[in-house]
Amino acid sequence: MTRSPAHAEPADPVLMTGPRGSSTVLRIVLGAQLRRLREARHITLEQAGRTIRASHSKISRMELGRVGFRIRDVADLLTLYGVLDDGERGALLGLVGQANQPGWWHNYGDVLPNWFETYVGLEESASVIRNYEVQFVPGLLQSEEYARAVIRLGHADASEEEIRRRVGLRTARQRLLRAPEPPHLWAVLDEAVLRRPLGGPEVMRGQIDHLLDAVELPNVTVQIAPFSIGGHAAAGGPFSILRFAQPDLPDIVYTEQLTSAVYLEKRDEVERYLEVMERLCIAAEPASETAAILTRIRAEL
């Protein structure tokens, strides 16, 4: 995977009409269009903010797709930016309603922190999802019992209902892999992920069975990074790289912390993570050996 995260800027607005375009991505697309229009006119964030009776930071958040949009605000900005053609205005204003539509994950708002909600929305629209994991099986590949064990680690005091809701959110995300136009999930798992007996041997055997089923899917690739390779460039921790079919969107790197997350999209930062991922894939066992490795580890549990 060598495509640069920097893409040429289209002359016309890019409309998200694909079946899996999430509201999160629509906000990012619309925000990026507004930023390019503003910069083309050499209009400052402060000037744009005054036009919609808001601060420059509000404009910045809009351009990053971090907040919702109001039709009136977008219309006023388009006028400021000299976008007067009815067709062009209509295309962009039409995105506003779509971008403000809540995704299915909003039904899990009670257990979905804001910093992770963005990731779920991006995941929903990604064409390729690449994961490196050093401690846990990626959420999209977890069995229900394994997911329950992982969630209990981070939420030891949670009620049974909360645990059930959190497991439900995780399994709902997994429907993505069997959607009509699923993303390609490419995960590299450190061997420690499979050796750590979360939930006990029976749960781990069930999890490995779940992985064996998953690798049969044509859109799922799993590689194992064995202990024998020693140290490597990704020793700092797990991360995900999301790629989108929409030329308006750069690749995005996601790294998760205990109570927050970091989203990276600057070209030099993303390319560094892409290089590390490529090295990992070369160092790890080939995907053709994954089923045999999983079967061997399962027998040792």
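Here, every reference points to the structure presented above.
A quick note: this is a predicted structure, and the numbers were derived from the prediction, not measured.

### Here we look at unusual backbone geometry
Line of reasoning, step 1. One non-glycine residue, His42, adopts positive backbone phi at about 55°.
Line of reasoning, step 2. Tracing the backbone shows His42 in the loop between α1 (23-40) and α2 (45-51).
Line of reasoning, step 3. A positive phi is found at Arg53, a non-glycine position, where the angle reads about 60°.
Line of reasoning, step 4. Its place among the elements puts Arg53 in the loop between α2 and α3 (56-63).

### Some remarks on the pairing of strand β5 (residues 252-256)
Line of reasoning, step 1. A large share of β5 lies buried, amounting to 4 of its 5 residues.
Line of reasoning, step 2. Pairing of strand β4 (residues 239-243) with β5 involves 3 bridges; the strand directions are antiparallel. In the sheet register, Ser240 faces β5, and the bridge partner there is Tyr254.
Line of reasoning, step 3. Sheet topology places β5 next to strand β6 (residues 261-264); 4 bridges connect them, and they run antiparallel. Each bridged residue has a counterpart across the sheet, and for Thr255 the counterpart in β6 is Val262.
Line of reasoning, step 4. Linking two consecutive strands that pair antiparallel, namely β5 and β6, is a turn of 4 residues.

### Comments concerning the packing of aromatic side chains
Line of reasoning, step 1. According to the stated counting rule, one finds 9 aromatic pairs in the structure shown.
Line of reasoning, step 2. When the centroid spacing of 5.6 Å and the interplanar angle of 20° are considered together, the rings of Phe116 and Tyr119 count as stacked. Taken together, the residues Phe116 and Tyr119, both in helix α6 (residues 114-125) and 3 residues apart, mark about one turn of the helix. With respect to class, Phe116 is no different from Tyr119; both count as buried.
Line of reasoning, step 3. Aromatic side chains Tyr254 and Tyr263 sit 5.2 Å apart centroid to centroid with 55° between the ring planes, which places their arrangement in the tilted category.
Line of reasoning, step 4. Its relative accessible area of 21% is what places Tyr263 among the partly exposed residues.

About the criteria used
- Starting afresh in each chain, residues are numbered from 1 along the sequence in its written order.
- Per-residue local features of the predicted model are confined to residues with pLDDT of at least 70, and side-chain atom pairs are confined, for both listing and counting, to 80 or more; whole-chain, interface and lining totals are unaffected and use all residues.
- For side-chain calculations, the full set of non-hydrogen atoms in the structure is used, while hydrogens and water are omitted.
- Numbering of helices and strands runs from the N terminus; a helix is a DSSP stretch of H or I covering at least four residues, while a strand is a stretch of E covering at least two.
- Throughout this description, buried means an accessible area under 20% of the type-specific maximum (1.4 Å probe, protein chains only), exposed means over 50%, and partly exposed covers the range between.
- Strand pairing requires that DSSP identify at least two bridges connecting the strands.
- Pairing of aromatic side chains requires ring centres within 6.5 Å, counting the rings of Phe and Tyr and the six-membered ring of Trp. Pairs whose planes differ by under 30 degrees are stacked, by over 60 edge-to-face, and all others tilted.

Function cannot be read off these values alone, since they describe shape.
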